[in-house]
Amino acid sequence: MNIGLIAHNAKKKLMQNFCIAYRGILNRHELYATNTTGRLVEEVTNLNVHKYLAGHLGGKQQLASQIENNNIDLLIFFRDPLTPSSHEPDVNDIVKSCDIYNIPMATNIATAEALILALDRGDLDWREMYK
């Protein structure tokens, strides 16, 4: 499965720790991320991450395009809701795309853990048929 990873600056360390904790599951899937997030995940996990542009330079739009073309099966987007972002419309576009195209998405660690464990159990295998 293709897993998208995005993290706002205040959540990048959380994304690194999440990927360290679930490295065993993640290494069986293709990972796609915005540039900085992907680089930071690669540094701590040695996982191969396909990297788009930095989020604010168009990476979020590139990932949204992949979602719209049914090329992402699961999105983990650790966003920082307490820090106003000039990129907030991009966040809303990603959330909207996931809703429209039925892409399971987590925006916090609790949901991310539930989804990654569901992926490991095979609960998201319906995505293969959906393609």
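Residues numbered from 1 in each chain as written. Predicted model: local features only at pLDDT ≥ 70, side-chain atom pairs only at ≥ 80, totals over all residues. Heavy atoms only, no water.

Participant: Could you clarify how one ought to interpret the overall build of the protein chain in this entry?
Facilitator: Across its full length, the protein chain carries 7 helices and 5 strands. Ordered by position in the sequence, the α and β elements of the protein chain form the string β-α-α-β-α-β-α-β-α-β-α-α. Rg of the C-alpha trace for the protein chain: 13 Å, near the compact-globule value of 14 Å for 131 residues, within the 12% margin. Projected onto the principal axes, the alpha-carbon positions of the protein chain cover approximately 35 × 30 × 25 Å. Across the protein chain, the fraction of contacts at a sequence separation of at least 24, relative to all contacts at a separation of at least 6, is 67%. Of the charged side chains in the protein chain, 13 are positive and 15 negative; the average position of the first set lies 5 Å away from that of the second. (Helix = DSSP H or I, 4+ residues; strand = E, 2+ residues; numbered from the N terminus. Rg over C-alpha atoms; globule rule 2.2 N^0.38 Å. Contact = heavy atoms within 4.5 Å. Lys, Arg positive; Asp, Glu negative; His and termini not counted. Charge placed at Lys NZ, Arg CZ, Asp CG, Glu CD.)

Participant: For this particular structure, what's the right way to read the pattern of salt bridges?
Facilitator: Side-chain pairing between opposite charges can occur once the charged atoms of the two side chains come close. For the structure shown, the criterion picks out 5 salt bridges. Note that Asp73 and Arg127 form a salt bridge whose closest N and O atoms lie 3.2 Å from each other. Of the two residues, Asp73 sits in the loop between helix 4 (59–68) and strand 4 (74–78) while Arg127 sits in helix 7 (residues 126–130), which places them 54 residues apart along the sequence. Of the two residues, Asp73 and Arg127, neither departs from the other in class, the shared state being buried. (Salt bridge = Lys/Arg side-chain N within 4 Å of Asp/Glu carboxyl O. Buried < 20%, exposed > 50% of the residue type's maximum accessible area, 1.4 Å probe, protein only.)

Participant: Just checking my understanding: could you explain the packing of aromatic side chains for this structure?
Facilitator: Given two aromatic rings, one states the distance between the centres and the angle between the planes to describe the pair. As enumerated under the stated definition, the model contains 3 aromatic pairs in all. Ring geometry for Phe18 against Phe78: centres 5.7 Å apart, planes inclined by 90 degrees, an arrangement best described as edge-to-face. Here Phe18 is found in helix 1 (residues 12–21), whereas its partner Phe78 is found in strand 4, with 60 residues between them in sequence. Phe78 carries the same exposure label as Phe18, and that label is buried. Ring plane angle 25 degrees and centroid distance 6.2 Å describe the contact between Tyr32 and Tyr52, whose orientation is recorded as stacked. Taken together, the positions of Tyr32 in strand 2 (residues 30–33) and Tyr52 in the loop between strand 3 (49–51) and helix 4 put the pair 20 residues apart, joining distant regions of the chain. Overall, Tyr52 belongs to the buried group, its relative accessible area being 15%. Joined through ring pairs, the aromatic side chains of Phe18, Tyr22 and Phe78 make up one cluster. (Phe/Tyr/Trp six-rings, centres within 6.5 Å; stacked < 30°, edge-to-face > 60°.)

Participant: What am I meant to see in the state of the cysteines here?
Facilitator: One pass over the full model with this rule turns up 0 disulfides. Cysteine Cys19 remains unbridged, with the sulfur of Cys98 as its closest cysteine sulfur at 16 Å. Cys19 sits in the buried class, given a relative accessible area of 0%. (Disulfide = S-S within 2.5 Å.)

Participant: What am I meant to see in unusual backbone geometry here?
Facilitator: The phi angle of most residues is negative, glycine excepted, and most peptide bonds adopt the trans form. If you check the backbone angles, Asn70 has positive phi at about 60 degrees while not being a glycine. Along the chain, the position of Asn70 falls in the loop between helix 4 and strand 4. Unusually for a residue other than glycine, Asn102 sits at a positive phi of about 55 degrees. You can see Asn102 is positioned in the loop between helix 5 (88–100) and strand 5 (105–106). For Asn102, a relative accessible area of 41% corresponds to the partly exposed category.

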